[in-house]
There are 2 protein chains.
Amino acid sequence: MAAKRMGKQTLLFDSKPAILASACVAGKKESEGPLGATFDYTSDDTTFGEKTWEKAESRMQKDTLGTVCNKAGITTDRIDLICAGDLLNQCIGTSFGVRDSAVPFLGLYGACSTMAEGLLIASMAVDGQYAAHAVAMTSSHFCSAERQYRMPLEYGGQRTPTAQWTVTGAGACMVGAPTGGTLPRVTHATIGKIVDCGVTDPSHMGGAMAPAAYETIKAFWEDTATKPSDYDLIVTGDLGSVGKSVVEDLFKSDGIELKQRYQDCGIMIFDDGSQDTHAGGSGCGCSAVVLCGHLLERMRAGVYKKLLFCGTGALMSPVSAMQGESIPGICHLVALELV
Amino acid sequence: MAAKRMGKQTLLFDSKPAILASACVAGKKESEGPLGATFDYTSDDTTFGEKTWEKAESRMQKDTLGTVCNKAGITTDRIDLICAGDLLNQCIGTSFGVRDSAVPFLGLYGACSTMAEGLLIASMAVDGQYAAHAVAMTSSHFCSAERQYRMPLEYGGQRTPTAQWTVTGAGACMVGAPTGGTLPRVTHATIGKIVDCGVTDPSHMGGAMAPAAYETIKAFWEDTATKPSDYDLIVTGDLGSVGKSVVEDLFKSDGIELKQRYQDCGIMIFDDGSQDTHAGGSGCGCSAVVLCGHLLERMRAGVYKKLLFCGTGALMSPVSAMQGESIPGICHLVALELV
């Protein structure tokens, strides 16, 4: 086995790369939710001052990159690597968002797991001494996602109870060697395997991704010989209320009660009662803004000392759905610790 | 600066991870070209026995993964990581191709630079001891690409002289610690920056990507203090005849004559005179099958001892083109040496 590997799927980061800073921007609906105060800025304009929603998504990434650099006190010429991607066809939210940065760039496609995947690769690059500073970043936009994946918004299509609401937002983490002081650090990461349990309903993404989350979290505990009570919080990306209950049930069948220790970013970001988002939030931006705002803030404040961030993604497309394919899910886990 | 970094963009792989095996499959047109004999298998059926071209692309990846495992004598349960992606929206060629493998999977989007990007990340994972065996893989398919990016094939649309022909094919490399014997080894990799010179014609991809190739190759030589004559072959991914001449001209303006030392996979794969592919081949599969077949075969035979593989990608989408955006290019370089 490779020296920095534990078990089959988990990477061990001896140096515990630090998250030197994090930043996030979000839209109007997100600003009205329970985490509204944790975003660096929000915009009431769905286009963020741009001509199209796709360009708005690039603008969010560009602004988030600038903000995370400012917060970390690191200029873009000192960044060795950006690991980023998004949900748009050919990831144009990202390409045009980082185009002018002149930073070495690795494009990712992990669907809504991209924040975790980017953080995993950025941490590997920093821990392995291939990069001094690496940024992990992603975004999603309700309007660009709806028109690409579902219906033009103007149709006013009905949504099913299991449907989720794509978050408008972008988040970024600056990863580097620790500079002193107490910071959230990346200690391990578990690379997900694709899990496909045969769900074919594109309005039931949470249920499609839940088994992948279960498999990755279970693999992490096996690989590291740890257990749920070793962590203050286990948080999945965007399973929403339906997917979250599937994860709870799967662990229950193993005799494990996750209880209040387990949360989901898709549930945390919107108010279930007043915001009419059905099963909750989704999209790359969902777990990104919840991690880069609320969760890392709570870690820095010492509320959470050990946290498992489990990004979940549905690796389908409208074409694969129309061709009768089921929805493959994936989950990448990043273990964070306040050190 | 990070210990395993040379200059601004280049990674140094001290352990020189080996390419233990490579495999590739391709379509009928590719089998009729100059490199036809170097593919592990080719199919006269554009659907590779599947119901759709998208499923055919997944089938090619699945078969290529199986073949590279057989050739390396490594079963899938011993692979720690697959780094893969493709050109289809949401990379479904890859997701459904690797779905049944049960191998930890990192999804990439690097457009036609994906083979180089995957090889770079797989080599970093092996060199850093995060993985014992890592596979880099990608694919493209003429028919699925045409209908997604351009026109339904049934329209019989005219192609411009600068247009390229998307290669139907998939390629994979198995990267691991050297097992003895002389093998192609990965010594360095240069992570590309996005370069956008304002080309807006989606039928002129070679020209749009050429400046990125020039910038990355120049950065590699500066970072490693080497020069063109230190390498037996410098090969770009899929610039085709137009893009290749742009790279030659850019280096000429620096006083550097690349001459016969420089080739392009897009030119090598088809016969210019008889195959009517205009400026040459393109697509993720283009550089993948030329590397995994012909180039690595020539390295193993000792014909090339030092080779620079420079994957080139155009990070646009039909939507970004319709919204008036220019075409951002990227090039990732992987330095190979027979050791």
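Residues numbered from 1 in each chain as written. Chains lettered and ligands numbered in written order. Predicted model: local features only at pLDDT ≥ 70, side-chain atom pairs only at ≥ 80, totals over all residues. Heavy atoms only, no water.

Regarding the nonpolar core
Let me state the cut-off plainly: The definition of a nonpolar core used throughout is a set of buried Ala, Val, Leu, Ile, Met, Phe, Trp, Tyr and Cys residues joined through side-chain atoms within 4.5 Å. Buried, partly exposed and exposed residues are distinguished by accessible area as a fraction of the type maximum, computed with a 1.4 Å probe on protein chains only: under 20%, between the cut-offs, and over 50%, respectively.
The biggest cluster of nonpolar side chains holds 110 residues, and the ones touching the most others in it are Leu295(A) and Leu295(B). Grouped together as the second largest cluster of nonpolar side chains are 60 residues, Leu183(A), Ala111(B), Met137(B) and Met174(B) included.

Notes on the pattern of salt bridges
Here is the rule we go by: Salt bridges are identified by distance alone: a Lys or Arg side-chain nitrogen within 4 Å of an Asp or Glu carboxyl oxygen. Only DSSP runs of H or I covering at least 4 residues are called helices, and only runs of E covering at least 2 are called strands; the numbering of each starts at the N terminus.
Tallying each qualifying case throughout the model produces 30 salt bridges over all chains. Among the salt bridges present, the one from Asp80(A) reaches Lys8(B), with a minimum N-O distance of 3.4 Å. Placement of the pair is Asp80(A) in the loop between α2 (53-72) and β5 (81-86) and Lys8(B) in the loop between β1 (5-6) and β2 (10-12), with the two residues belonging to separate chains. Taking relative accessible area as the criterion, Asp80(A) reaches 8% and is therefore assigned buried. Measuring nitrogen to oxygen at the nearest pair gives 3.3 Å for the salt bridge that ties Asp100(B) to Lys62(B). On the criterion of sequence distance, the pair formed by Asp100(B) in the loop between α3 (92-98) and β6 (105-107) and Lys62(B) in helix α2 (residues 53-72) is long-range, its members being 38 residues apart.

What to know about helix α9 (residues 284-300) of chain A
Residues and elements named next belong to chain A. Put simply, the test is: What a helix is expected to span follows from its residue count: subtract one and scale by 1.5 Å. Each residue is assigned a bend, namely the angle between axes fitted to the seven residues that terminate at it and the seven residues that start at it.
Given a rise of 1.5 Å per residue, 17 residues ought to cover 24 Å, and the 23 Å separating the end C-alpha atoms of α9 matches this to within 8%. Maximal helix bending in α9 amounts to about 40 degrees, located at Leu-291. Counting buried positions along α9 gives 14 out of 17 residues, so the element sits mostly inside the fold. Positive backbone phi, approximately 85 degrees, marks Gly-302, located one or two places after α9.

Thoughts on the environment of Arg185(B)
All names here are of chain B. In plain terms, the rule: Here, two residues are considered to be in contact whenever any of their heavy atoms come within 4.5 Å of each other. Between N or O atoms, a polar contact is any pair within 3.5 Å; within protein, one atom must be a potential hydrogen donor and the other a potential acceptor, and residues adjacent in sequence are included only when both atoms are from side chains.
Here Arg-185 shows up in strand β10 (residues 184-190). When the C-alpha atoms of Arg-185 and Lys-55 are compared, they prove to be 33 Å apart, with 130 residues separating the residues in sequence. When neighbours within four sequence positions are excluded, Arg-185 is seen to be in contact with Ser-15, Lys-16, Pro-17, Ala-18, Pro-178, Ala-335, Leu-336, Glu-337 and Val-339. A polar side-chain atom of Arg-185 sits 3.5 Å from the main-chain carbonyl oxygen of Ser-15.

Examining the interface of chain B and chain A
A common way to express how large an interface is: the accessible area buried when the components associate. The cut-off we apply is this: Accessible area that two parts lose when put together, with a 1.4 Å probe and added across both, is what the buried area reports.
Between chain B and chain A, the residue contacts involve 66 residues of the former and 66 residues of the latter. Buried area between chain B and chain A, summed over both chains or domains, comes out near 5,300 Å², and the portion from carbon and sulfur atoms is 60%. Counting the surface chain B buries against chain A, the share from its top three residues, Gln90(B), Arg99(B) and Tyr130(B), is 17%. Summed over the shared surface of chain B and chain A, the number is 10 salt bridges. A salt bridge links Arg5(B) to Asp80(A); the nearest nitrogen and oxygen atoms lie 3.7 Å apart. Counting across the interface, chain B meets chain A through 46 residue pairs in polar contact (both at pLDDT 80 or more). For the side of chain B that touches chain A, the secondary structure elements donating two or more residues are β2, α2, α3, β6, α4 (114-127), α5 (142-149), α10 (318-322) and β15 (329-338) of chain B.

Some remarks on the state of the cysteines
All names here are of chain B. Formally: In this description, a disulfide is simply a cysteine sulfur pair whose atoms lie within 2.5 Å.
One pass over the full model with this rule turns up 0 disulfides over all chains. Cys-112 forms no disulfide, and the closest cysteine sulfur to it belongs to Cys-284, at a distance of 5.0 Å. Looking at Cys-265, it has no disulfide partner, and the nearest cysteine sulfur is the one in Cys-286, 5.6 Å off. Relative accessible area serves as the criterion here: at 0%, Cys-265 is assigned to the buried category.

Quick word on helix α7 (residues 240-252) of chain A
Residue and element names in this part refer to chain A. Rule in force here: Here, the arc refers to the directions that run from the helix axis to the C-beta atoms.
The end-to-end C-alpha distance of α7, which contains 13 residues, comes to 18 Å, matching closely the 18 Å that a straight helix rising 1.5 Å per residue would cover. Of all the residues in α7, the buried ones are Gly-240, Gly-243, Lys-244, Val-247 and Phe-251. Buried residues along α7 cover an arc of 105 degrees about the axis, so they all sit on one side. Elements in contact with the buried residues of α7: α6 (205-224), β12 (262-264) and α8 (265-268).

Quick notes on the relation of the copies chain B and chain A
One copy of the chain maps onto the other through a rotation about an axis followed by a shift along the same axis. Here is the rule we go by: Copy-to-copy alignment: least squares on C-alpha atoms, limited to residues at pLDDT 70 or above in both.
Between chain B and chain A, the superposition needs a rotation of 180 degrees and an axial shift of 0.0 Å, giving an RMSD of 0.0 Å. The superposition of one copy onto the other is thereby described by a two-fold rotation axis. Among all C-alpha atoms of chain B, that of Leu108(B) lies closest to the rotation axis, at 2.1 Å.

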